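# Summary of the model geometry
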Amino acid sequence: MKWILKYSSIIAMLLLLAACSGDDSVDIDEEKPTIDINYDDGFPQACSVLERGETYNFRALVTDNKALASYSIDIHHNFDHHTHDDQAGECDLEEVKESVNPFIYIENFDIETGLTTYEINVSVTIPNDIDNGDYHCSYSVTDETGWQARTSVDIKITE
């Protein structure tokens, strides 16, 4: 009986050792994706003026070292002059005001599996009945391991 217990313990230890791998070749993704709107077709650029009733193609180039998963576009009012951490450039802002009927656009989109580069191209119509004024356009992209990047710019919506 002692013999069976002794050899069972040795076999269990050997199985545990065999299950442990010394292979450290697991490729861990430690890079966030990137978002670029500063190219010829990128839109909107900082301080762009958009008109109510018009349709615009919101475009950004997103890349990742492994694989992209999804992105979102968020357009919201900036009537209180808040900022976002990564915002580039400063635009002339109107006076602080209360919103009555602000434009809010928030949409999430999936990216085809396995792509490392993708151009966002989303058509958005600015409604005729929304408040004019200062807005933010924010892009967010997530890679398939969960890393996320964001960027936003000031825009203005006029009549």
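Anything mentioned here points back to the structure above.
First, a word on what this report is: a plain description of the structure on this page. Please read these numbers as outputs of a predicted model, since none were measured by experiment. (Residues numbered from 1 in each chain as written. Predicted model: local features only at pLDDT ≥ 70, side-chain atom pairs only at ≥ 80, totals over all residues. Heavy atoms only, no water.)

## Focus on the pattern of salt bridges
Rules: Here a salt bridge means any side-chain nitrogen of Lys or Arg lying within 4 Å of a carboxyl oxygen belonging to Asp or Glu. By definition, any uninterrupted DSSP run of H or I lasting at least four residues is a helix, any uninterrupted run of E lasting at least two residues is a strand, and each is numbered from the N terminus. We call a residue buried when its accessible area falls under 20% of the maximum for its residue type, exposed when it is over 50%, and partly exposed in between, using a 1.4 Å probe and counting protein chains only.
Taken as a whole and judged by the stated rule, the model has five salt bridges. Arg52 is the salt-bridge partner of Glu159, the closest N and O atoms lying 3.9 Å from each other. Taken together, the residues Glu159 in the segment after β8 (148-158) and Arg52 in the loop between β2 (48-51) and β3 (55-63) connect sequence positions 107 residues apart. Given the relative accessible area of 67%, Glu159 is considered exposed. Judged by relative accessible area, which is 21%, Arg52 ranks as partly exposed. Lys156 is the partner of Glu94 in a salt bridge, and the nearest nitrogen-oxygen pair spans 3.9 Å. In this pair, Glu94 is assigned in the loop between β4 (68-77) and β5 (105-110) and Lys156 in strand β8, connecting sequence segments 62 residues apart. Under the relative-accessibility criterion, Glu94 is labelled partly exposed at 32%. Owing to a relative accessible area of 17%, Lys156 belongs among the buried residues under this scheme.

## Looking at the side chain of Ser140
Operational definition: For this analysis, residues touch if any pair of their heavy atoms sits within 4.5 Å.
Its location among the elements puts Ser140 in strand β7 (residues 133-143). Every residue in contact with Ser140, bar those within four places of it in the chain, is listed here: Ile35, Ser70, Tyr71, Ser72, Gln148, Ala149 and Arg150.

Any functional reading would require information that these geometric values do not contain.
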